[in-house]
Every structure is written in C-alpha cells, then in structure tokens.
Amino acid sequence: MSKPDTVRFRYNQAILVAAIIAFVGALPLANARAYLLPVLLVPLAVAVWAWRAGTDADARELRLRALVGQRRIGWEQVLELATDQRGRAVARLDDGQQVTLPAVRGADLPRLVAATGQPLPGTPADAPGQ
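Worth saying up front: this structure is predicted, and the values here are computed from it rather than measured. (Residues numbered from 1 in each chain as written. Predicted model: local features only at pLDDT ≥ 70, side-chain atom pairs only at ≥ 80, totals over all residues. Heavy atoms only, no water.)

What follows covers helix 1 (residues 14-32). Look at helix 1: 28 Å from first C-alpha to last across 19 residues, which is about the 27 Å you get at 1.5 Å a residue. All of the buried residues along helix 1 are Ala19, Ala26 and Ala30. Where the residues of helix 1 are buried, they touch helix 2 (41-52). (Helix = DSSP H or I, 4+ residues; strand = E, 2+ residues; numbered from the N terminus. Expected span 1.5 Å × (residues − 1). Buried < 20%, exposed > 50% of the residue type's maximum accessible area, 1.4 Å probe, protein only. Contact = heavy atoms within 4.5 Å.)

Here it is as structure tokens:
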C-alpha cells in the first residue's frame, strides 16, 4: 500500500484491457494443440506488466517497478531530471548512468519534483523578498 505522500506513475490501463482481450483471443489457439498453451503466457505477462510497472516517488527515493523486481534510487543519487528525445523522463545519476523513469512523461516532471517536498524553481516560495 502506498503512503499518502507517494506519487505514483503508471502506464495507461488500456494496455491491461488489450492484454485481457488478447488472452481471450488466444484461448481457441491454445485449445487447438497442447504445445500452443504457452501462447497464453504472452498476454498474461503483458497484463501483469501493465498492472505493475511504473514509478513511485516520495520524499526519500524513487522506486522503478518492472514486470519482475524493482530498483530504488535515493534522491541524493539523482543529479538531474530531464526528458529524452521521445519525451520520456530520465534521471541522470551521480555515477554517470541515465535511467528512464517508467510511465513518467516530461510533462509529469513538476509533479515528480513536488513529491520530493522541495519547492520548484520559479515558484513564489523562491521569489526574492519573500
């Protein structure tokens, strides 16, 4: 269960619906021959990925979730948040790595930064004289 101060980014749930439809569509094929049963694993894996994959952010860390496993990155390791050529959000780390943040678009970066508890540059809290 996520804490209230955790921001969650997930892929569009239409992917999950498409995986369910693909699973139902693959049933006749899988029932035709026993060696075709593994065909059902493909839409099942896509459904689990669509349900699970994404990025969670809170004041302590980023959690990047995939089909299996997750990676935790502390904010102290993140040097920069930026976008790539395709509009996806990336985090540049202090060890030189560039990590794509699953399900986070460039337009979501302000929400992601707000999850850290730090003010965004250019907001009234940063204005001089206040």
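Having put the structure on the table, let's press on.
With that out of the way, let us pick up the sheet that holds strand 5 (residues 78-83). Strand order in the open sheet formed by 3 strands is 5-6-7, with antiparallel pairing between adjacent strands. Lying at the two open borders of the sheet, with one neighbouring strand each, are strand 5 and strand 7 (98-105). Across this sheet, the average inter-strand angle for adjacent strands is 25°, counted without regard to direction. (Pairing = 2+ DSSP bridges. Axes fitted to C-alpha atoms, helices over the stretch in contact; angles between N-to-C directions.)

The next subject is the nonpolar core. Residues Leu62, Ile73, Val78, Leu101 and Leu112 are the most contacted members of the largest nonpolar core, which totals 18 residues. Only strand 1 (7-10), strand 3 (61-65), strand 6 (88-93), strand 7 and helix 3 (109-114) provide two or more residues apiece to this core. Counting residues per element, this core draws most heavily on strand 7, which supplies 4 residues. (Core = buried A, V, L, I, M, F, W, Y, C linked by side-chain atoms within 4.5 Å.)

Side-chain alternation along strand 2 (residues 54-57) places Gly54 and Asp56 on one buried face and Thr55 and Ala57 on a second face that is also buried. Taken together, the 4 bridges between strand 1 and strand 2 define a ladder with antiparallel strand orientation. What sits directly across from Arg10, in strand 2, is Gly54. Inspection of the sheet shows strand 2 paired to strand 3 by 4 bridges, in the antiparallel sense. Counted as the bridge partner of Ala57 is Leu62 from strand 3. The turn joining strand 2 and strand 3, which pair antiparallel and follow one another in sequence, is formed by 3 residues.

Right, let's talk about helix 2 for a bit. Across its 12 residues, helix 2 extends 16 Å between first and last C-alpha, which sits within 8% of the 16 Å expected from 1.5 Å per residue. Here helix 2 has its buried residues at Pro43, Ala47, Ala50 and Arg52. Tucked inside the fold, the buried residues of helix 2 contact strand 1, helix 1, strand 2, strand 3 and strand 4 (70-74). Looking one or two residues beyond helix 2, the residue adopting positive phi is Gly54, at roughly 155°.

Here Ala89 shows up in strand 6. According to the relative accessible area criterion, Ala89 is buried, its value standing at 0%. It is 7.2 Å that separates the C-alpha atoms of Ala89 and Leu109, two residues lying 20 residues apart in sequence. Leave out the neighbours within four places in its chain, and Ala89 touches Ala82, Thr83, Val99, Thr100, Leu101, Val104, Arg105, Gly106 and Leu109.

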